[in-house]
Amino acid sequence: MALIKLATCLYLCNSCCSLFCLLQFFAPFANPLTFNKTRFDVGATDIAYEGDAVPSFQGIELNTLDLFRVGQAIYAEPLQVWDSSSRKLTDFTCQFSFTVDRVNSSDGFAFFLVPVGFQIPPNSAAGHLGLLNSTTKAGVPGNPLVFVEFDTYPNEGFDPPEPHIGINNSSISSLTYARWDVNTRTTIALITYNSTTHNISVVWRSEGDPASMSNSLSYIIDLRDALPERVLMGFTDATGLATELHTIRSWQFTSTMDSKEVIPSPSRKKKGSNTLVIVVVAVSSFVSVVIGLSITWYFVQKWKREDHSSENYGNTSHYIDFDIERGAFPRRFYYQELADATSGFADDRKLGQGGSGQVYKRNIERARPTSCSEENLC
């Protein structure tokens, strides 16, 4: 019985471990979002690629040389920008390096923060940078997004008259901007947000330039008013009547607020990855349960064998009959068997006495008489 209890405990422990693993997999993460990407491998699932964007050994290639196209690279894990219960905001720092390989002056790219579930709008190529279109470019209610644009082509009607870097809030027109001297060298950009001052700032310089030649701009935006609590972030690119190649060479990000929940990326590639992980976890749990049942079955069978053996151990007639039938002589008898067979070593059963003890007569059914010593087993 004790073995059955032990086996049951082992099975329950095993099942609890499996359940714990499942809960850990589906449980929400509670860590600030932090990463450092210096390479972008094909097949990696931490970044989802939409449109023309693809990973390569050079970095994230946001676009091709096709006209009126859009490409986006979105980090799969959402960023917790603020918390509705405490009204607390996150600080964050985003640093990346990029190159612009110019063929003709095209429309540029942007770093963006958008609601979870964001999809590339229709007709959003060219100056709309894959984020807005002619209907939403001036900003509409229910379409929250904040982005920093690296605009290489001045579009009449909503752009400054020169290539520029600007900070935008739900509109293609920048809230503030600074002139950008576009070149083909690697450029390093740093975007930071201060939760206390609500200041979003951008600093950039081209590789080889001294730090004193850095350019910057900033703007005050309370992201609690501009964005939902959780957002997706990434890079977007668009081409129009002309083309140029935009490549993200490296990407670092740190934030200070713990994530409440992980919401899957809308990317089909990410969904496939999640499905694979769920299948692996389910199969592992099934195997774990089978192992637990096997352990239980083993101990139950072992207990039954031992219990059955102990019952037969005290059944002397069973052993006697079995050994007589198979002719297995000589054999050993237990003391109680000898005492019972000789009526407690009665004198009328006594045959004589030898050098090693007294000898008694014992009768066994279906067998010839045999003699046994009181002090020794036959």
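Fair warning: this is a prediction, and the values are worked out from it, not measured in the lab. (Residues numbered from 1 in each chain as written. Predicted model: local features only at pLDDT ≥ 70, side-chain atom pairs only at ≥ 80, totals over all residues. Heavy atoms only, no water.)

Regarding the overall build of the protein chain
Looking only at helices and strands, the protein chain has five helices and 19 strands in total. Sorting the 378 residues of the protein chain into buried and exposed places 42% on the buried side. Long-range pairs, those at least 24 residues apart, make up 66% of the contacts in the protein chain between residues at least 6 apart in sequence. Roughly 20000 Å² of accessible area belongs to the protein chain as shown, and the carbon and sulfur atoms make up 56% of that amount. (Helix = DSSP H or I, 4+ residues; strand = E, 2+ residues; numbered from the N terminus. Buried < 20%, exposed > 50% of the residue type's maximum accessible area, 1.4 Å probe, protein only. Contact = heavy atoms within 4.5 Å. Areas by Shrake-Rupley, 256 points an atom, 1.4 Å probe, with all protein chains shown as cover.)

Some thoughts on the layout of surface pockets
When its volume is computed, the second largest pocket comes out at roughly 160 Å³. Contributing to the lining of the second largest pocket are R179, W180, D181, N183, R185, W204, R205, S206, D209, M213 and N215. In terms of residue count, strand β13 (residues 199–206) provides more of the lining of the second largest pocket than any other element does, three residues in total. Grouping the amino acids of the lining of the second largest pocket by side-chain chemistry returns three nonpolar, three polar and five charged. (1 Å grid on protein atoms, 1.4 Å probe; cavity = no way out; pocket = protein on both sides within 12 Å on 5 of 7 lines; lining within 4 Å. Points joined across faces, edges and corners; volume = space filled by probe spheres on them. Nonpolar A, V, L, I, M, F, W, Y, C, P; charged D, E, K, R; others polar.)

Some points on the side chain of S206
Structurally, S206 can be placed in strand β13. The contacts of S206, once residues within four sequence positions are left out, are N183, R185, T186 and T187.

Focus on the packing of aromatic side chains
This structure, assessed with the given rule, holds 18 aromatic pairs. A centroid spacing of 6.4 Å and a plane angle of 25° characterise the contact between F96 and F111, whose relative ring orientation is stacked. Note that F96 is positioned in strand β7 (residues 92–102) and F111 in strand β8 (residues 109–115), a separation of 15 residues in sequence. Note on F111: relative accessible area 2%, which makes it buried. The interplanar angle of 70° and the centroid separation of 6.0 Å between the aromatic rings of F98 and W180 together place this pair among those described as edge-to-face. Within this pair, whereas F98 is found in strand β7, its partner W180 is found in the loop between β11 (176–179) and β12 (187–194), the two being separated by 82 residues in sequence. Take F98 and W180: they sit in the same class, and that class is buried. (Phe/Tyr/Trp six-rings, centres within 6.5 Å; stacked < 30°, edge-to-face > 60°.)

With respect to the environment of D347
Looking at the secondary structure, you find D347 in the loop between α5 (335–341) and β17 (350–354). Along the backbone, D347 and Y360 are 13 residues apart, and their C-alpha atoms lie at a distance of 8.5 Å.

Re the environment of K350
In this structure, K350 sits in strand β17. Remark: the alpha-carbon pair of K350 and R362, spanning twelve residues in sequence, is separated by 9.4 Å. Setting aside residues up to four positions removed in sequence, K350 forms contacts with Q358, V359 and Y360.

Thoughts on the pattern of salt bridges
One pass over the structure, following the stated rule, counts seven salt bridges. With its nearest N and O atoms 3.0 Å apart, the salt bridge here joins D181 to R179. A salt bridge links D222 to R224; the shortest N-O distance between them is 3.0 Å. Each of the two residues, D222 as well as R224, counts as buried. Taken together, the salt bridges that share partners define one network made up of E162, R179 and D181. (Salt bridge = Lys/Arg side-chain N within 4 Å of Asp/Glu carboxyl O.)

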